[in-house]
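Structural description and commentary
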Amino acid sequence: MDLGEPEYPQEFEQLLADIRAYNPQAEAQLIRRAYEYAARSHRGQMRVSGEPFVTHPLNVALIIARLHLDVPSIVTSLLHDVVEDTSTSLEEIERLFGAEVAQLVDGVTKVSKITFQSKAEKQAENFRKMIIAMARDIRVVLVKLADRLHNMRTLGALPPERRVDIARETHEIYAPLAHRLGIHWLKSELDDAAFRYLNPEAYAAIEELVAKTKTAREEYVKAVIDVIRQRLDEAGLKAEVTGRLKDYYSIHHKMEEEELPFDQIHDLVAFRIIVDSLRECYSALGVVHASWKPVPGRFKDYVALPKPNNYQSLHTTVIGPGGQKMEVQIRSRDMHRVAEEGIAAHWSYKEGKIEGLRESQRFAWLRRIVEWQQHLNDPHEFLSNLKEDLFAEEVFVFSPKGDVFDFPRGATAIDFAYRIHSEVGNHLAGVRINGRIAPLRYRLRSGDTVEVLTSERQRPSKDWLGHVVTARAKSRIRSWLRSQQAERSRELGAALIQQELEPSGLTVPQLERTGRLDAAAKELSYKGAQALLAAVGYGLITSAQVLTRLLTPEELKRTRLDKTQAATAAQQDGQPPIKEARRPAGEKPAASGVLVSGLSDVLVRFAGCCNALPGEPICGFITRGRGVTVHLINCPVVPRNDPQRRVSVVWEAGADSLRAIRLEVLSVDHPGLLAAMSKAIATAGVNISSAEVRTSEAAGRANCRFEVAVSNARQLNAVMRSLAEINGVLKVVRLDQHNGAHAA
């Protein structure tokens, strides 16, 4: 097909010049063909701004060239919208430009369809698609970042609501991605562009303040640069010295974080010193510190300990001329190239082809995300963890062998253990930090040496979830807890069914061996016997419902008759038909202090209506999806009309756990009485969580309500007796959430 004489805008010629500067062997003819194809495919299409649509892919290609990407990436950036926005097929792209370009265009097209302003479930799936695309070929996301940057540069043409949505998405997702890929200039521009639309008033205010101080700042920068150059020359160091104003978003963030007005933000300007070698970096640092006093705690050595995105530089803050704080960054030329180009700085070009791509894709954080995203099913958890991982500031710690590990700020020794291996985390028993025993919740600090101690007997605790910040640790702990909960639910389900089966003389193992349990599971639409037992334990189905599928009509009739006779006998004795449960020998004590059908570690919750304490008579009921709920036997809200949900529960010997109990004390109103009550409670070894006092002058009475933390019924009774013995106290009652009262 005759394309006619192509017309190349000035921007296209600039594109070729930029590419030749870093890749002289680049196939210019292929890039020309790609531009011609894009121009023809998008002919007649206009952007919202009124410009021809082809200006967008051309500008995206210019950004890709600034990142020093290879020719397939340039061609992809020129063609990245043709499949989505025109009638062009992917097969045609492959025929004309090759399989590699077609694969990249397909990846960018799929990523472009991802939207993050949606329900959590859909949003989580979209994140997964982007992560998979990144893992397959990082160039896909680099083209998408360039596409987003040009869209942000021209965002003003869109309606206000769309601007805010796209700006928020850019700030939350794309800017952190650029940071993680090590492309600082791209991250800064995305953040600034998003800031302009997310907080226009603050942006305009900073813009105005910066403009007012422009002349004075430029003079200050020039004077400091002259001093640095002179001192470096005297030290025999050849260097490139520059100074730049921090981007508006960084200034705003600093003002918010430190709660300072603009005129008190002194380190608005960052100076950069670029030298030839690693050794000269530290020599230049010595010159800077000899010239100006360094600010304690503001020196960071990212040369010895690079960031996860391979960024290396020395950062220091000094008190410069006029008493102003100045940030100084010192790096070699190779380090500067990595800081500017990010991941692309690790690529090299030989014979016009990119090399080193496979190695450069191996960013530790990306490997971690690809790994843990496969284990997360909860979309809210997935989104939260991903954003935390993208935004987190790092700390660097060492293993005893000297290996370096990076963690988000706030990570603990538990996070470290799970980074080593899931089994190491699951059996974590202790930790040594810098040679000394430390608690598992110890928050890691840069420079720590961490040694993990394990034990086969140790298992993860639910409390650990409150002490970890990494997605890997959270997902592994939750996975273990879920597996244990499922196992306990199966055991509880088997115990409940066995309890129903006793009159028939049958057992659960017997029914499982003969296949009757599997058959019942199939009838009830469960995958198998184990799934059915777990469902009973979870409270999704009752044991009585299972029995109707397990037993023959004769067996079922005999079982019900025997259960009715047993219940009648129990009622005549005045006792509820609940067997006392015993903990099997060698099994761990129940975390709740309650054994359920002889099992410990079953999910148990205490009903707030009666708030049972160890030593008080209790009963348990399976609550759908929430484990077993424990009530006092005489609680008025016990569901007595649903006996199928009842399960045997008993306090374990020595089960003491602090719980809040409310007491009401009615007394004569006279001075010193409140002090006497407080002393009586404290003498019993009980803490007061809260107290409320009301008096009636007309009646001469005082009504005091205390919330106290007690561990068992004996302790509560002792407190109530002590209060009742105080001269002037008329009545002491225990309150529950239904405003019921139980006298001392």
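What follows concerns the overall build of the protein chain. What the protein chain contains, in helices and strands, is 29 helices and 24 strands. Within the protein chain, the proportion of its 744 residues that are buried is 49%. If you take every contact in the protein chain between residues at least 6 apart in sequence, the share linking residues at least 24 apart comes to 64%.

Two elements, strand 20 (residues 659–668) and strand 22 (residues 701–710), share 10 bridges in a ladder whose sense is antiparallel. By the bridge assignment, Val665 is partnered in strand 22 with Cys704. Judged from the 9 bridges that link them, strand 21 (residues 687–696) and strand 22 form a sheet pairing that is antiparallel. Residue Thr695 lies in a different strand from strand 22, and its bridge partner there is Ala702. Where strand 21 folds back on strand 22, the antiparallel hairpin that results is connected by 4 residues, among which Gly700 adopts a positive phi of roughly 70°.

Across the protein chain, the average pLDDT comes to 78, with 78% of residues at or above 70. In the predicted structure, residues 357–362 sits below a pLDDT of 50 and forms 14 contacts with residues beyond four places in sequence or in another chain.

Position of Glu100 relative to the elements: it lies in helix 7 (residues 99–112). Residues Glu100 and Ser73 lie 27 residues apart in sequence; the distance between their C-alpha atoms is 9.4 Å. Discounting chain neighbours no more than four positions away, the residues touching Glu100 are Asp70, Pro72 and Arg139.

What follows concerns the side chain of Asp81. Its location among the elements puts Asp81 in the loop between helix 4 (71–79) and helix 5 (82–85). Here Asp81 is buried and forms no salt bridge, its nearest opposite-charge partner Lys144 lying at an N-O distance of 7.2 Å. If we ignore the near neighbours within four places in the chain, the residues touching Asp81 are His42, Phe53, His56 and Thr86.

This next bit is on the packing of aromatic side chains. Tallied over the entire structure, the rule returns 10 aromatic pairs. Between Phe195 and Tyr249 the ring centres are 6.0 Å apart and the planes differ by 70°, which places this aromatic pair in the edge-to-face class. Note that Phe195 is positioned in helix 11 (residues 184–198) and Tyr249 in helix 14 (residues 248–258), a separation of 54 residues in sequence. We classify Phe195 as buried; its relative accessible area is 5%. Taken together through their ring pairs, the aromatic side chains of Phe195, Tyr203, Tyr248 and Tyr249 make up a single cluster.

The N-to-C vectors of helix 28 (residues 673–683) and helix 29 (residues 713–724) enclose an angle of 150°; their axes lie 9 Å apart at closest approach. Accordingly, the angle class assigned to the pair helix 28 and helix 29 is roughly antiparallel. Seen along the crossing, helix 28 lies across helix 29 with a hand that is right-handed. Residues Met677, Ala680 and Ile681 of helix 28 pack against Val719, Ser722 and Leu723 of helix 29.

Once that is clear, we can look at the nonpolar core. The biggest cluster of nonpolar side chains holds 60 residues, and the ones touching the most others in it are Leu15, Ile31, Leu79 and Leu145. Here the element with the most residues in this core is helix 9 (residues 138–153); it accounts for 9 residues. In contact with Leu15, not counting residues within four places along its chain, are Ile31, Leu58, Ala61, Leu62, Ala65 and Ile74. Counting 41 residues, the second-largest nonpolar core is a separate cluster that includes Leu517, Leu533, Val604 and Cys610.

The end-to-end C-alpha distance of helix 10 (residues 160–180) is 29 Å, a good match for the 30 Å that 21 residues give at a rise of 1.5 Å each. A bend of about 45° at Thr170 is the largest found in helix 10. Along helix 10, the residues classified as buried are Ile166, Ala167, Glu169, Thr170, His171, Ile173, Tyr174, Ala175, Pro176, Leu177, Ala178 and Arg180. One or two steps after helix 10, the chain reaches Gly182, where phi turns positive at roughly 85°.

Take the pattern of salt bridges next. Opposite charge on two side chains makes pairing possible when the charged atoms of those side chains draw close. Under the defined criterion, the tally for this structure stands at 16 salt bridges. The closest approach of N and O atoms between Glu169 and Arg148, which form a salt bridge, is 2.6 Å. With Glu169 in helix 10 and Arg148 in helix 9, the pair connects residues that are 21 residues apart, well separated along the chain. Since its relative accessible area comes to 8%, Glu169 is described here as buried. Exposure remark for Arg148: the relative accessible area of 7% places this residue in the buried category. In this structure, Asp276 engages Arg333 in a salt bridge whose closest nitrogen and oxygen atoms are separated by 2.9 Å.

Read across the sheet, 3 strands follow the order 12-11-13 without closing on themselves; strand pairing throughout is antiparallel. Either end of the sheet is taken by a strand with one partner, and the two such strands are strand 12 (436–438) and strand 13 (450–454). Ignoring strand direction, the axes of neighbouring strands in this sheet form an average angle of 35°. Two strands pair when backbone bridges link them, and strand 11 (residues 428–433) and strand 12 are joined in this way by 3 bridges, in the antiparallel orientation. Across the sheet, the residue bridging to Ile433 is Arg436, located in strand 12. In this fold helix 20 (residues 413–420) packs onto strand 11 and strand 13, with an angle of close to 110° to the strand it touches most, strand 11.

About the thresholds
Residues numbered from 1 in each chain as written. Predicted model: local features only at pLDDT ≥ 70, side-chain atom pairs only at ≥ 80, totals over all residues. Heavy atoms only, no water. Helix = DSSP H or I, 4+ residues; strand = E, 2+ residues; numbered from the N terminus. Buried < 20%, exposed > 50% of the residue type's maximum accessible area, 1.4 Å probe, protein only. Contact = heavy atoms within 4.5 Å. Pairing = 2+ DSSP bridges. pLDDT = per-residue confidence, 0-100. Lys, Arg positive; Asp, Glu negative; His and termini not counted. Salt bridge = Lys/Arg side-chain N within 4 Å of Asp/Glu carboxyl O. Phe/Tyr/Trp six-rings, centres within 6.5 Å; stacked < 30°, edge-to-face > 60°. Axes fitted to C-alpha atoms, helices over the stretch in contact; angles between N-to-C directions. Parallel < 35°, antiparallel > 145°, perpendicular 65-115°, else oblique. Left-handed = near helix turned anticlockwise from the far one by under 90°. Core = buried A, V, L, I, M, F, W, Y, C linked by side-chain atoms within 4.5 Å. Expected span 1.5 Å × (residues − 1). Bend = angle between axes of the 7 residues up to and from the residue.

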